[in-house]
Structures are given as structure tokens and as C-alpha cells.
Amino acid sequence: MNISQWLHSAGKYMTERCPGAGRIDAEAIMGHVTGLDRVSLYRDGDCAITPGLEDTLRPLVERRAGGEPLAYITGKKEFMGLDFEVSPAVLIPRPETELLMEKALDILKAKMSSMDYEVGQGPVVADVGTGSGAIAVTLAVMLDRTRVYSIDASGAALEVARRNAAIHGVAGRVSFIEGNLLEPLNGMVLGGAGRLDLVAANLPYVPSPEIPLLMADVRLYEPVLALDGGLDGLDLYRRLIPQAWDLLSAGGYLLMEIGPGQAGIMQSILDGKWAVEVLQDLAGRERLVVAAKKH
Ligand code: GLN
């Protein structure tokens, strides 16, 4: 069998067993095992594959055919153009979270150009429920003066996040802390002005009654701890908001990713001392609450 035939038959096999899986997954699995990129897979399509390689590929194809997310099989996922290591201990970074990232980058760039940070200083950010560290690490990579506190209740998730910071060369500017929401930062001497300029939060926000209705790949494989947000999904945000108020500087921002139908309740939780804006994702769903701490 050659590469091209293998991709075709593995793609077909997975599509028949797992809706949504297919040729792209076959290419990713082959690429993961051989190190070949997609261009090479096409260019060298008529190269024969050895029985040994086929044996290595087969169990990975079976896992994907059985519904396991591709990212857990290859151990990585792209987010904002960067490759992140993932494991079943962390939620797989989602494309819709790029909305939070873009808004955070806009806000911090504006702060960096308008505020007089001391030489060598820059914005101070907290990423709450950091998971794989995708948000924290991307911020540190893209804004080279930013200092990030990356907090998660799961020690196993923090291990993954730590590795991602090291892979992307920002371990020196991202601190990883195990704990609940912003609690570990209480009483800590934060960099810069001693307060946070921005809090980014992609906390669990799926309402508990909706967990059984999630797609099988999410429900059966991703950590429920990273998804279940209580009865209406907003339990953790209710606790986070007052904590963020206490730690943010005046003019600081709290960014919270939400799910469909949650913007209204979020607006009622955030009282009049916050200036609130709700942004939609590319699919037109309300996805991000931007709350500014008024001066
Ligand atoms: N967007 C995720 C999902 O649809 C939920 C992520 C979260 O709860 N933070 O599965």
C-alpha cells in the first residue's frame, strides 16, 4: 500500500464509524507518526508504507474511529497559529476562544501604547482556569512585556500548561499557580502597579443539565471539570466577578467566555460599576463578555 492509498482507506474507515472524522484526520495521524507535513504527504503519495508503519498507525485510526478527539491522539492542537500540547487533563483549545484572545490583545496593546510602564515593565494579566495554558502562553508570546499569572484548580492541567510555556519560550514571564479562581493572588505582590490590568477567563460554563447533551467527543473524552458550570453554567463566574473587582486596577478589564443564551444573566450579575459589552463569535453567537472596571 502507498501513502495515498492508505490516506484514502483510513479516511473512509474513520468517516464510516465516526461522523466528522475523515481524510483530514488520516493526514494528521500519518503526519504525527512520520513527521511529514501535508505537502509531503501529497508529493510522496506513491511511496510505499511498510507493514511496521501500518501497525503503528492502526491503533491511532481505531481510536479516532471510536470517537476520541484527534487532538488527544496526536497530543497537540493549534490555537492562534501556535501549536499547543494537550492531554485528556485539559480542554482542547477551541477556535471560538480566539475571540477572547483578540480582544485581550487589543486591550493590552492599547494600554501599552497609552500608559507609562516603567522600563522593562508591562501589563499584568491573570488567566483563570488556564487549562492547557493556551490563553496565557499566547498572550506572553504575542506581547513580550506582559507578565501572566496562570491559575488552575487542576495540578495535572498546570503540568501541561507549564510545558507549553517552556515550548514557546515564555516560562520566565508566566507563573503557574494551583488554586481556585483568583484566590491564590490575594496578598501576593503582583508586578507592575501591584494590580491586574486584565483578567481572562474561559471557565466551565456549560449548564449541568446540558452536559449529557454535549457531543459525544466532548462528553466522553474532555474533562467534565472544565465544562460543568453548575445549574445555569455561571456559578464560577458569579464567584469570579467580585474577586476580579478587588484585584483589577481602575480601567482594568475582565474578559469572560460564555455560551449561547448566557449574556443576559451575565449582564444582570455584573452590576452598574462595570461597563459591559457583549461580543459575538464568527458563528454569530454571543461568546464574550467584556467588563471594564470603571474609573
Ligand atoms: N465551548 C465549550 C464547548 O462547547 C465549553 C467550554 C467551557 O465550558 N469553557 O464544549
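Up top you'll find the structure we're talking about.
Each chain carries its own residue numbering, running from 1 in the direction its sequence is written. Selection of residues for local features in this predicted model requires a pLDDT of at least 70, selection of side-chain atom pairs for listing and counting requires 80 or more, and totals for whole chains, interfaces and linings are taken over all residues. Hydrogens and waters are ignored; side-chain quantities use all the structure's heavy atoms.

**Observations regarding the side chain of Arg287**
- With respect to the element layout, Arg287 can be found in strand S9 (residues 286-293).
- Side-chain polar atoms of Arg287 contact the side chain of Asp281, separated by 3.0 Å.
- Apart from residues no more than four positions distant in its own chain, Arg287 is found in contact with Glu96, Leu99, Tyr205, Met256, Glu257, Ile258, Gly259, Pro260, Leu279, Gln280 and Asp281. Each helix is a run of H or I in the DSSP string that is no shorter than four residues. Each strand is a run of E no shorter than two, and both are numbered from the N terminus. Any N or O atom pair separated by 3.5 Å or less is treated as a polar contact, with the protein-specific requirement of one donor-capable and one acceptor-capable atom, and with residues adjacent in sequence counted only for side-chain atom pairs. In what follows, residue pairs with any heavy atoms lying within 4.5 Å of each other are defined as contacts.

**Re unusual backbone geometry**
- In this structure, Met80 takes a positive phi of about 55° despite not being glycine.
- In this fold, Met80 is placed in the loop between strand S1 (76-79) and strand S2 (82-85).
- Relative accessibility decides the category of a residue: with a 1.4 Å probe and only protein chains considered, values under 20% of the type maximum give buried, values over 50% give exposed, and everything between is partly exposed. Exposure remark for Met80: the relative accessible area of 17% places this residue in the buried category.
- A positive phi angle, near 45°, is found at Leu181, a position not held by glycine.
- Mapped onto the elements, Leu181 comes out in the loop between strand S5 (174-178) and strand S6 (196-201).

**Digging into the pairing of S6**
- Burial of S6 is extensive: six of the six residues sit out of reach of the surface.
- Strand pairing requires that DSSP identify at least two bridges connecting the strands. Pairing between S6 and strand S7 (residues 248-257): five bridges, direction parallel. Paired with Leu196 across the two strands is Leu248, which belongs to S7.

**Examining the pattern of salt bridges**
- A side-chain nitrogen of Lys or Arg and a carboxyl oxygen of Asp or Glu constitute a salt bridge if their distance falls within 4 Å. Counted according to the given criterion, the structure contains 17 salt bridges.
- Its salt-bridge partner being Glu277, residue Lys103 comes within 3.8 Å of it at the nearest N-O pair. With Lys103 in helix H6 (residues 98-114) and Glu277 in strand S8 (residues 274-280), this pair connects stretches of sequence that are 174 residues apart.
- Note that Asp281 is salt-bridged to Arg285, the shortest N-O span being 3.5 Å.
- A relative accessible area of 9% places Asp281 in the buried class.

Treat this as a map of the structure, not an account of what it does.
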